[in-house]
Amino acid sequence: MDNRPPKNNNQISHLETGFQKLAEILRKQPDMVIAGHRNADGDCLGTMGAFYKLIVSLGGNVTLLTSDPVPENYMFLPGMEKVRVCESYDCHGQTLLLLECGTLGRSGISLSNCGETINLDHHPDNTHYGSINIVDSGASSIGEMVTGFFQSHFPSEISDKVADSLYVAIHTDTGGFSYGNTSSAALSAAAVLVGKGADAGKVCASVYQENRLARVRLMGHFLSGIHVDQTGNIATGIILLNDLEKYKCVPADTDNFSSYPRGIRGVKAGIFMMEVSPSVFKVSLRSKGEWSVNGTAMKMGGGGHRAAAGFVAKGRAEYLISEIMLKLKAENE
Ligand SMILES: [Mn+2]
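Criteria and cut-off values
- Residues numbered from 1 in each chain as written.
- Predicted model: local features only at pLDDT ≥ 70, side-chain atom pairs only at ≥ 80, totals over all residues.
- Heavy atoms only, no water.
- Disulfide = S-S within 2.5 Å.
- Axes fitted to C-alpha atoms, helices over the stretch in contact; angles between N-to-C directions.
- Helix = DSSP H or I, 4+ residues; strand = E, 2+ residues; numbered from the N terminus.
- Parallel < 35°, antiparallel > 145°, perpendicular 65-115°, else oblique.
- Left-handed = near helix turned anticlockwise from the far one by under 90°.
- Contact = heavy atoms within 4.5 Å.
- Nonpolar A, V, L, I, M, F, W, Y, C, P; charged D, E, K, R; others polar.
- Buried < 20%, exposed > 50% of the residue type's maximum accessible area, 1.4 Å probe, protein only.
- Pairing = 2+ DSSP bridges.
- Domains from an automatic or database assignment.
- Buried area = accessible area lost by both parts, 1.4 Å probe.
- Core = buried A, V, L, I, M, F, W, Y, C linked by side-chain atoms within 4.5 Å.
- Donors = N, O, S within 2.8 Å, 3.2 Å for Na, K, Ca; no water.
- pLDDT = per-residue confidence, 0-100.

1. Some thoughts on the state of the cysteines
One pass over the structure, following the stated rule, counts 0 disulfides. We note that Cys 91 lacks a disulfide partner, and the nearest cysteine sulfur, in Cys 114, lies 4.2 Å from it. The closest cysteine sulfur to the non-disulfide-bonded Cys 204 is located on Cys 44, 18 Å from its own sulfur.

Right under this line is the structure:
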């Protein structure tokens, strides 16, 4: 997908200026198209829900787009029943807000005729392709960034629903306030949201305790198949297309499976492989921080952070696994 807008000299990349510009646009002409990234997660969808509520409250029309269906456990977030799942979309000159898309292609949607293109993200590899770039690689989540935006520009718009949505965004991206990105800023933003009416217990139950039985069964199969190598350093878990079919599951049902191989005592790095089409694997690498995994991911054509990275690769699973293990060992030993 090579339809990114041409760079212009007036590109804005400063955080505060970017948010100020976004606030001006919303006040003047709130109609907007919002697109998330492929396989949108809680941060992406929670933030989308908060913007949906804001724009509706400002009297604007909002179109929500994703390339994949919204996972069932996020359907309670505002606006989710309005999300259009599509491969391409003509924005007809409307403002386009992209959530956590490091490149325009990351949306998985071919987007044409966009007006102002606002790029909102917290990933360090963002390419600043927007006409307005609001990128804070120090933030735990875009939910945290957008909580600050609401506080500065639309404090009276932080309704219960907005607070719930942004709380879900921060909670899911920090692994329930357990990952290394659980900063004081992340916790402060979460505290503000609970103060504004977010029902922490209720939204977490909706996100984490409404698993379909089929997913739990698939997880059982996945967990029993996890393999730890002879050194005890690397654990590998795999989901094949056959498994999805057998357990009547979809790729979204493997959400968070990547954290289990890493979560074994003594293991330094976890590999999660999911077959996305015959002999093509989406690979997630996770570490506890001591080992780095992004060097291996980059060598395999992907990228990410020190403790969480990924790539897509084609080949026989057993060959891929030994290649990845060799690279991980070379990166860390
Ligand atoms: Mn995020």
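2. Side note on the packing of helix H1 (residues 15-28) against helix H3 (residues 142-153)
At their nearest, the axes of H1 and H3 sit 11 Å apart, and the two run at 60 degrees to each other. Classified by the angle their axes make, H1 and H3 are oblique. In this structure, the crossing between H1 and H3 has a hand that is right-handed. Here Leu 15, Phe 19, Gln 20, Leu 22, Ala 23, Leu 26 and Arg 27 of H1 come into contact with H3, specifically with Met 145, Phe 149 and His 153. Of the residues in the contact of H1 with H3, the class split is 7 nonpolar, 2 polar and 1 charged.

3. Notes on the pairing of strand E14 (residues 308-314)
Residues Ala 309, Phe 311 and Ala 313 point to one face of E14 and are all buried, whereas Ala 308, Gly 310, Val 312 and Lys 314, pointing to the other face, are not buried. Pairing between strand E12 (residues 280-287) and E14: 7 bridges, direction antiparallel. Each residue of the ladder has a partner; that of Leu 285, found in E14, is Ala 309. Sheet topology places strand E13 (residues 303-304) next to E14; 2 bridges connect them, and they run antiparallel. By the bridge assignment for E14, Gly 303 is matched with Gly 310.

4. Some remarks on the domain arrangement of the protein chain
What the domain assignment lists for the protein chain is domain 1 (15-208) and domain 2 (213-332). Placing a centre on the C-alpha atoms of domain 1 and another on those of domain 2 gives a separation of 28 Å. The partner domain 2 presents 6 residues to the 6 residues of domain 1 that form the contact. Summing both sides of the interface, domain 1 and domain 2 together bury roughly 350 Å²; the carbon and sulfur share of this comes to 49%.

5. Notes on the nonpolar core
Judged by nonpolar contacts, the single largest core of 51 residues is most densely connected at Ile 34, Phe 51, Leu 120, Phe 149 and Phe 150. With 8 residues, helix H2 (residues 42-57) is the single largest residue contributor to this core. In contact with Phe 150, other than residues within four places in its own chain, are Ala 50, Leu 54, Pro 155, Glu 157, Ile 158, Val 162 and Leu 166. In this structure, Phe 281, Ile 324, Met 325 and Leu 328 belong to the second largest nonpolar core, which totals 20 residues.

6. Description of the coordination of the manganese ion
Protein coordination of the manganese ion is provided by Asp 43 (OD), Glu 100 (OE), His 122 (NE2) and Asp 173 (OD), with donor distances spanning 1.9 to 2.3 Å. When the donors of the manganese ion are listed by position in the chain, the intervening gaps give D-x56-E-x21-H-x50-D. Of this pair, Glu 100 sits in the loop between strand E5 (95-99) and strand E6 (110-112) while His 122 sits in the loop between strand E7 (117-121) and strand E8 (132-135); the two residues are 22 residues apart in sequence, bridging distant segments of the chain. The burial state of Glu 100 is the same as that of His 122; both residues are buried.

7. Structural notes on the confidence of the model for the protein chain
Looking at the protein chain as a whole, the pLDDT averages 94, with 96% of positions reaching at least 70. Low pLDDT, under 50, characterises residues 1-9; the predicted model gives this stretch 17 contacts beyond four residues in sequence or across chains.

8. Notes on the sheet that holds strand E2 (residues 62-66)
The pairing of strands in a sheet happens through backbone hydrogen bonds and is either parallel or antiparallel. With respect to topology, 6 strands assemble into an open sheet ordered E3-E2-E1-E5-E7-E8, the strand pairing being parallel. The open sheet is flanked by strand E3 (84-85) and E8, the only strands paired with a single partner. Taken together, the 4 bridges between strand E1 (residues 32-35) and E2 define a ladder with parallel strand orientation. Residue Met 32 lies in a different strand from E2, and its bridge partner there is Val 62. Across the sheet, H2 touches E1, E2, E5 and E7, and the angle it forms with E2 is around 165 degrees.

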